[in-house]
Amino acid sequence: MNSLPYEELIADLKQRSLYRQLRTIDAVKGTSVSRAGRLLVNFASNDYLGLAQHPKLKMAAADAAQRFGSGSGASRLITGTLAIHSELEARLAAFKQTPAALTFESGYAAALGTIPALFGQGDVIILDKLAHASLIDGARLSGAEIRVYPHNRLQRLWELLDWAREKRRGAKILIITESIFSMDGDSCPLPEIVDLKDEFGAALLLDEAHAIGVLGPNGAGLAAEFGLIDRVEIHLGTLSKAIGSSGGFIAGPSSLIDLLINRARTFIYSTAPPPAVIAAAIEGLDIIASGTGDHLRAALWRNYEELSLKLKRPKPEGKRSGIVPIIVGAEEQALSFSEDLMERGFLVPAVRFPTVPRGSARLRVTLSAAHQLQDVVNLREAVNALYSG
Ligand SMILES: *Cc1c(COP(=O)(O)O)cnc(C)c1O
């Protein structure tokens, strides 16, 4: 054991302000959390519509546990496929307006299982530079050749597609991007990417983790907003953010889903998601696609406008979202700002390398429909005060 230098590695992280610690939340009440004896307004959760605290989701989870048990007992292909799994998948397909959908334990597991099930050695995967870790890991695991284009730079994407077509003849080509980027809150130029993809005969995997529930008609995401659902080959989403539960999913043609059932290892070799989690997701989807969902989105945008438009900082490009990054730069400075905000009663995390590139450390504010307007106003003033010294 002594040959493994854990302590040295940890000391090194600390020295570079890159050390991370788990900090326990003792109680949750709406958007307030209590941590180490103090009450904080939570601006760190991805629960954009407040559904993770919604009484209907909690009730659905409790009911499902009563009916089916606290665990699923086995993987989906053994005896883990319960009526509610099938129901959720039918609802997800209807929600995304695709023929079929498949749920996974997490969004991470969806990416890790799906990409290697469809692409491998001899293929080419082209990712946006800011693509989420789960997408990078899925691409690496596949064994395909990986290329990266600078964030949202279509010219570079075109060059890489051209390179792949010329130099990797016959290879399957997959482009991977997010619709709303998790740490920057900006959006990808989807119509242009879809056109490029078609021009080169490539496929597109679109990760809608932060757009689902938030953008598009009924909260169906960015592809739906642009009317491009049928032109995206693989839709990836999570149940863990706006939907207010936990888990991930893929939506697309029935043949895609059928193949994943047969080949996606994170799907095949993992116990089916627990009944409570699935039932909560069904309820969350219901709300998202309803008139209540529209009201919640309106409340989210009201909060967004209150914060983002009046903040003395640059605003993310493209579509609005629930993510408002405040780029600080130095790791240490971001940590100290985050501490300052905590002193004032706001939970806003400092996001550092390797989650974001070195030297682009930031405060990442996530907004919820459930935030009180006054809390948002107070946060904005506290952030503006950080910058006026
Ligand atoms: C959160 C996230 C995931 C992973 O989803 P989980 O359900 O939390 O595992 C995937 N992609 C993006 C862009 C994310 O932000």
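Because the structure is predicted, anything quoted here is derived from the model rather than measured.

The next subject is the sheet that holds strand 3 (residues 38-42). Judged by pairing direction, the sheet is mixed, and its 4 strands sit side by side in the order 1-2-3-12 without closing on themselves. Each edge of the sheet is formed by a strand with only one pairing partner; in this case those strands are strand 1 (27-29) and strand 12 (346-347). The pairing of strand 2 (residues 32-35) with strand 3 spans 4 bridges and is classified as antiparallel. Counted as the bridge partner of S32 is V41 from strand 3.

Take D186: it is sitting in the loop between strand 7 (173-178) and helix 8 (190-199). As a buried residue without a salt bridge, D186 has its nearest oppositely charged side chain in R362, at a separation of 7.7 Å. Side chain to side chain, D186 and H151 meet in a polar contact 2.6 Å long. Residues within four places of D186 in sequence aside, it is in contact with H151, N152, S179, I180, F181, P316 and E317.

Now for the packing of helix 13 (residues 291-308) against helix 15 (residues 373-387). The geometry of helix 13 relative to helix 15 is characterised by a closest axis approach of 9 Å and an angle of 20° between their N-to-C directions. One element, helix 13, and the other, helix 15, form an angle in the roughly parallel class. For the crossing formed where helix 13 meets helix 15, the hand is right-handed. Along its contact with helix 13, which presents R302, N303, E306 and L307, the element helix 15 presents L373, V376, V377, L379 and R380. Tallied by class, the residues present in the contact of helix 13 with helix 15 amount to 5 nonpolar, 1 polar and 3 charged.

Turning our eyes to something else, we now look at the packing of aromatic side chains. What the rule picks out here adds up to 5 aromatic pairs. Each ring, one from F43 and one from F346, has its centre 6.2 Å from the other, and the planes form 50°; the classification is tilted. Of this pair, F43 sits in the loop between strand 3 and helix 2 (55-68) while F346 sits in strand 12; the two residues are 303 residues apart in sequence, bridging distant segments of the chain. The buried category is assigned to F346, whose relative accessible area is 6%. The ring of F119 is capped by K172, whose NZ or CZ atom sits 5.3 Å from the centre of that ring. Across the ring face of F353, the terminal group of R358 is positioned such that the distance to the ring centre comes to 3.8 Å.

To continue, consider the domain arrangement of the protein chain. Along its sequence, the protein chain is organised into domain 1 (12-42 + 291-388) and domain 2 (55-288). Placing the centre of domain 1 and that of domain 2 at their C-alpha centroids yields a distance of 26 Å. Counting the surface lost from both domain 1 and domain 2, the interface buries some 1,500 Å², and carbon and sulfur atoms represent 59% of this. The largest share of the area that domain 1 buries against domain 2 comes from R297, K319 and I323, three residues that together contribute 40% of it. Where domain 1 meets domain 2, there are 2 salt bridges. Here R362 makes a salt bridge to D184, at a shortest N to O gap of 3.1 Å. Scanning the region where domain 1 abuts domain 2 turns up 10 residue pairs in polar contact (both at pLDDT 80 or more). Looking at the side of domain 1 that touches domain 2, the elements with two or more residues in it are helix 13, strand 11 (323-329) and strand 14 (361-366). For the side of domain 1 that touches domain 2, the residue count by class is 9 nonpolar, 5 polar and 6 charged.

Another aspect to go through is the site of the ligand. Near the ligand there are 14 residues, and of these D207, H210, T238, S240 and K241 occur at the shortest range. Between G107 and the ligand, the recorded distance is 2.8 Å, taken from a backbone N or O atom to an oxygen atom. H210 is positioned such that a nitrogen or oxygen atom in its side chain is 2.5 Å from an oxygen atom of the ligand. Across the complex, the protein chains shield 86% of the 380 Å² of accessible surface that the ligand would expose by itself. By residue class, the composition of the shell around the ligand is 2 nonpolar, 9 polar and 3 charged.

What follows concerns the nonpolar core. Core analysis: the biggest nonpolar cluster contains 84 residues, and F43, L161, L190, L341, V365, L367 and L379 have the highest contact counts within it. With 8 residues, helix 12 (residues 275-288) is the largest single contributor of residues to this core. Each of two domains, domain 1 (12-42 + 291-388) and domain 2 (55-288), supplies a minimum of three residues to this core. Among residues more than four places away in sequence, those in contact with V365 are F43, L307, G322, I323, V324, I326, V348 and L379. Formed by 29 residues, the second largest nonpolar core is a distinct cluster that contains A100, A109, L127 and I234.

Cut-offs used in this document
Residues numbered from 1 in each chain as written. Predicted model: local features only at pLDDT ≥ 70, side-chain atom pairs only at ≥ 80, totals over all residues. Heavy atoms only, no water. Pairing = 2+ DSSP bridges. Helix = DSSP H or I, 4+ residues; strand = E, 2+ residues; numbered from the N terminus. Buried < 20%, exposed > 50% of the residue type's maximum accessible area, 1.4 Å probe, protein only. Lys, Arg positive; Asp, Glu negative; His and termini not counted. Salt bridge = Lys/Arg side-chain N within 4 Å of Asp/Glu carboxyl O. Polar contact = N/O pair within 3.5 Å; in protein donor to acceptor, adjacent residues only side chain to side chain. Contact = heavy atoms within 4.5 Å. Axes fitted to C-alpha atoms, helices over the stretch in contact; angles between N-to-C directions. Parallel < 35°, antiparallel > 145°, perpendicular 65-115°, else oblique. Left-handed = near helix turned anticlockwise from the far one by under 90°. Nonpolar A, V, L, I, M, F, W, Y, C, P; charged D, E, K, R; others polar. Phe/Tyr/Trp six-rings, centres within 6.5 Å; stacked < 30°, edge-to-face > 60°. Lys NZ or Arg CZ within 6 Å of the ring centre and 35° of its normal. Domains from an automatic or database assignment. Buried area = accessible area lost by both parts, 1.4 Å probe. Near = heavy atom within 4 Å. Areas by Shrake-Rupley, 256 points an atom, 1.4 Å probe, with all protein chains shown as cover. Core = buried A, V, L, I, M, F, W, Y, C linked by side-chain atoms within 4.5 Å.

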